[in-house]
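Here are the chains, one letter per residue:
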Amino acid sequence: MRSHGRCEYLNCGKVVASVENDFRIRVTGEFAHIIPVGDGPRSEFRKSGTDPNKIELDQPHNVLLLCREHHRKIDHEQVKESTPAVLFAMVSRRYERLEEGITTFFLNNPFGFDCKEMAEDLRIGRIVTLLNRFNLDGPSAGRKHLQDARRLLLEIERNPHIHLPVETIALIDLAISARFASAPLTSECFLNELKYAKRRFCNVNKAGNLVIATLQMMVFVRDENEIMDGLQHLSIIRDLLSPIDRAIKEISDDAVEAALLGIKSALVRWRARVEIKNARANSLMEAKRCASASLKLRWSCHGWLQLALSDYALASSLSKDRRAEYNKKIELVDEALCDKRLDDYPAAIKYRPRYFRETHRWEEALRSFWLAADIGLEGDMQSIAYIAGEAAASYFAYEKSGHDAIDKANSFLAESIGSGFDSGRNMIAWVFTRALLDPSWFRQEFVERIRGEDGKANLDAILKDISRRYLSTECGRQDVLFGVSDVEFWNSVARTIQVALGDHEMALRFYGIAERYSRRVAGNFVTRMGMARSALALGLISDAKARCGMAANVALASQIGFVHSLQEQILLVEQKMGNVRP
């Protein structure tokens, strides 16, 4: 029960036990003694004066449930490194996160309740198994697991002979809601699940449970498919902040208060994203104060990560004339985010690739992405496989190298989509990395079929046809482009045409489509820069300068360096043409 069916080696978490439909427990992993009963690895620690009455060798605390790979590692390949102190500390460290209330719940104890509650009904174990399978199978194939999990939970809730606390039921159901909301079929599905989750959230009152419940609700706050408008976003954040603020005033436990302050820091930081100017600046400063207060009460990986993200949000909001200040803040964020104390904290490991991609360090983004996938977070990385694709494509475009990186990213994207992680961003990243590997395929299968399309009317059908023929017949159960904005899509098409085909006239046409969809009066920064690059490649110097100037008007401190670089390129071309003096 302690492992909840997952390998207990730190940062592995592979499913090695499950509760089947007939409620029998099926173990596919292997049990390993930390200190053996007889001869074997680490037996010298038992023979060298350790009192066997104190160790209780056959008790659960001396036994690990491991996958075959990590059992072999601790007993054969890395015996010297796998001392009892290391293995006991490994288990202890996992449960320290539980005490902080900031764990990744499906690697450890997903709902924070003890074995006695778990023993009330094996259907709860079955629910955990179904949620694990959702994580492994991906959203497309895994939705049925969630439906079955909710059906079982409702049976437990309605059974008069089972007396699980109302808050425990709510926490389990919020975990189900979080997975439904992570990959909704439609906007309506997302908003309906939000209404349902808010009703469950109202049943949570204990401060420790409030931490867990709010973490589950964060999937709605992040709203990665951009379904909610600004007012809806502010409403859900306000609903979550209200009970947290009350709990912070009343709580006397430093550890729980620190966790609540860390959660508040994250919520306030997300609130800043939909606010404007002064309100945004005030929220970002409040987010940093909350993270600092959390760390002052008790140091935690979560609090440290929130402090780093608060600083990063502040840096990202700086205007273009504060470039020097931006660089200094990014140095501090680098130091915090790459702190060795976060090296085994899953949330930080998963965030690093995104951070490096956003700060335009493509090699570091790829390196950190593959590291996360290699240490047991493969399922999490498959859901955001597009980050590897985008980083590899940008590395290829800007550094004029990295063909192997493109190939590796494309293969991982194909594997992820085939496993059910067929989100719009993953699908588009696969098409465009494939385009860089095989430009003629891209022209024939994609460009020729969408030429003349000014909207996304037929694009969904085209992408579904491509994905089903080249990836999996199960792809595209939902709208392939769901969650991908028109501007983002057409910018990606135009950028790929620039890099893969070198057809700048066609690229300008597609950037023009993206420009029409832009919400900003001055245009989207990526659109303007793309148009400037293509105009320069075609020798249209005045157009390139105009577009570059328009990009500069909307650039932030994090972007202005690209503008200056392009302006230098334009100046060099002008000098070669004799239009200006060196």
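Relevant structure appears above.
In this text the structure is predicted, and so the values were computed from the model without any measurement. (Residues numbered from 1 in each chain as written. Predicted model: local features only at pLDDT ≥ 70, side-chain atom pairs only at ≥ 80, totals over all residues. Heavy atoms only, no water.)

Trainee: Help me out: how do you make sense of the overall build of the chain in this one?
Mentor: The number of helices and strands found in the chain is 27 helices and four strands. Residue burial in the chain is summarised as follows: out of 582 residues, 54% are buried. Across the chain, contacts joining residues at least 24 apart in sequence account for 66% of those joining residues at least 6 apart. Accessible surface, the chain as shown: approximately 26700 Å² in total, 50% of it carbon and sulfur. (Helix = DSSP H or I, 4+ residues; strand = E, 2+ residues; numbered from the N terminus. Buried < 20%, exposed > 50% of the residue type's maximum accessible area, 1.4 Å probe, protein only. Contact = heavy atoms within 4.5 Å. Areas by Shrake-Rupley, 256 points an atom, 1.4 Å probe, with all protein chains shown as cover.)

Trainee: Where do I start with helix 15 (residues 346–358) in this structure?
Mentor: Given 3.6 residues to a turn, an α-helix orients residues that are three or four positions apart in the same direction. Taking 1.5 Å as the rise per residue, helix 15 with 13 residues should run 18 Å; its terminal C-alpha atoms sit 19 Å apart, in good agreement. Restricting attention to buried positions, one finds in helix 15 the residues Pro-346, Ala-348, Ile-349, Tyr-351, Arg-352, Pro-353, Arg-354, Tyr-355, Phe-356 and Arg-357. His-360, located one to two residues past helix 15, shows a positive phi value of around 65°. (Expected span 1.5 Å × (residues − 1).)

Trainee: Explain unusual backbone geometry here, please?
Mentor: Both trends apply: most residues other than glycine have a negative phi, and most peptide bonds are in trans. Phi at Asp-223 is positive, roughly 45°, even though this residue is not glycine. Following the sequence through the fold, Asp-223 ends up in the loop between helix 9 (207–222) and helix 10 (230–250). Positive phi, normally seen in glycine, also occurs at Lys-277, with a value near 40°. Position of Lys-277 among the secondary structure elements: in helix 12 (residues 277–297). A residue is classified by how much of its surface remains accessible, and Lys-277, at 71% relative accessible area, is exposed.

Trainee: Help me understand the nonpolar core in this model?
Mentor: Most often, soluble globular proteins have nonpolar side chains that are buried together. With 79 residues, the main nonpolar core has Phe-442, Phe-446, Phe-489, Trp-490, Val-493, Ile-497 and Phe-510 as its most contacted residues. Here Phe-510 is in contact with Ile-450, Trp-490, Val-493, Ala-494 and Ile-497, once residues within four sequence places are set aside. Judged by nonpolar contacts, the second largest core, of 40 residues, contains Phe-201, Leu-267, Ala-287 and Phe-482. (Core = buried A, V, L, I, M, F, W, Y, C linked by side-chain atoms within 4.5 Å.)

Trainee: What exactly am I supposed to notice about helix 11 (residues 254–272) here?
Mentor: Look at helix 11: 27 Å from first C-alpha to last across 19 residues, which is about the 27 Å you get at 1.5 Å a residue. The buried count for helix 11 comes to 18 of 19 residues, which makes it a mostly enclosed element. Where helix 11 begins, one side-chain oxygen reaches toward the backbone nitrogen of Ala-255, 2.9 Å away; that side chain belongs to Asp-253. (Polar contact = N/O pair within 3.5 Å; in protein donor to acceptor, adjacent residues only side chain to side chain.)

Trainee: Help me out: how do you make sense of the pattern of salt bridges in this one?
Mentor: Pairs can form between side chains of opposite charge once their charged atoms are near each other. Evaluation of the coordinates by the stated rule reveals 30 salt bridges. Note that Glu-193 and Arg-150 form a salt bridge whose closest N and O atoms lie 3.0 Å from each other. Placement of Glu-193 in helix 8 (residues 187–201) and of Arg-150 in helix 6 (residues 122–158) is noted, with a sequence separation of 43 residues between them. Judged by relative accessible area, Glu-193 falls into the buried class, the value being 10%. What makes Arg-150 buried here is its relative accessible area of 13%. (Salt bridge = Lys/Arg side-chain N within 4 Å of Asp/Glu carboxyl O.)

Trainee: I'm lost on the environment of Lys-206 in this one. Help?
Mentor: Structurally, Lys-206 can be placed in the loop between helix 8 and helix 9. Since its relative accessible area comes to 57%, Lys-206 is described here as exposed.

Trainee: Help me understand the packing of aromatic side chains in this model?
Mentor: Remark: the centre distance and the inter-plane angle together describe each pair of aromatic rings, the angle taken between the planes. Per the stated rule, a full pass over the model turns up 16 aromatic pairs. Considering the side-chain rings of Phe-489 and Trp-490, the 5.0 Å spacing of their centres and the 80° angle between planes classify their relative orientation as edge-to-face. When its relative accessible area of 0% is taken as the criterion, Trp-490 is described as buried. Ring-pair connections join several aromatic residues into one group, and the members of that group are Tyr-312, Tyr-355 and Phe-356. Over the ring of Trp-304 we find Arg-341, and its NZ or CZ is 5.0 Å from the ring centre. It is Arg-434 that lies over the ring of Trp-441; its NZ or CZ is 4.4 Å from the centre. (Phe/Tyr/Trp six-rings, centres within 6.5 Å; stacked < 30°, edge-to-face > 60°. Lys NZ or Arg CZ within 6 Å of the ring centre and 35° of its normal.)

Trainee: I tried to follow the packing of helix 21 (residues 439–450) against helix 23 (residues 486–501) on my own but got confused; where do I start?
Mentor: Packed helices, taken two at a time, are described by their axes: the angle between them and the distance between them. For the pair helix 21 and helix 23, interaxial distance at closest approach is 11 Å and the crossing angle is 140°. Our classification of the angle between helix 21 and helix 23 gives oblique. Viewed along their axes, helix 21 and helix 23 form a crossing whose handedness is left-handed. Residues Pro-439, Phe-442, Arg-443, Phe-446, Val-447 and Ile-450 of helix 21 lie in contact with helix 23, whose contacting residues are Phe-489, Trp-490, Val-493, Thr-496, Ile-497, Ala-500 and Leu-501. Residue composition of the contact of helix 21 with helix 23, grouped by class: 11 nonpolar, one polar and one charged. (Axes fitted to C-alpha atoms, helices over the stretch in contact; angles between N-to-C directions. Parallel < 35°, antiparallel > 145°, perpendicular 65-115°, else oblique. Left-handed = near helix turned anticlockwise from the far one by under 90°. Nonpolar A, V, L, I, M, F, W, Y, C, P; charged D, E, K, R; others polar.)

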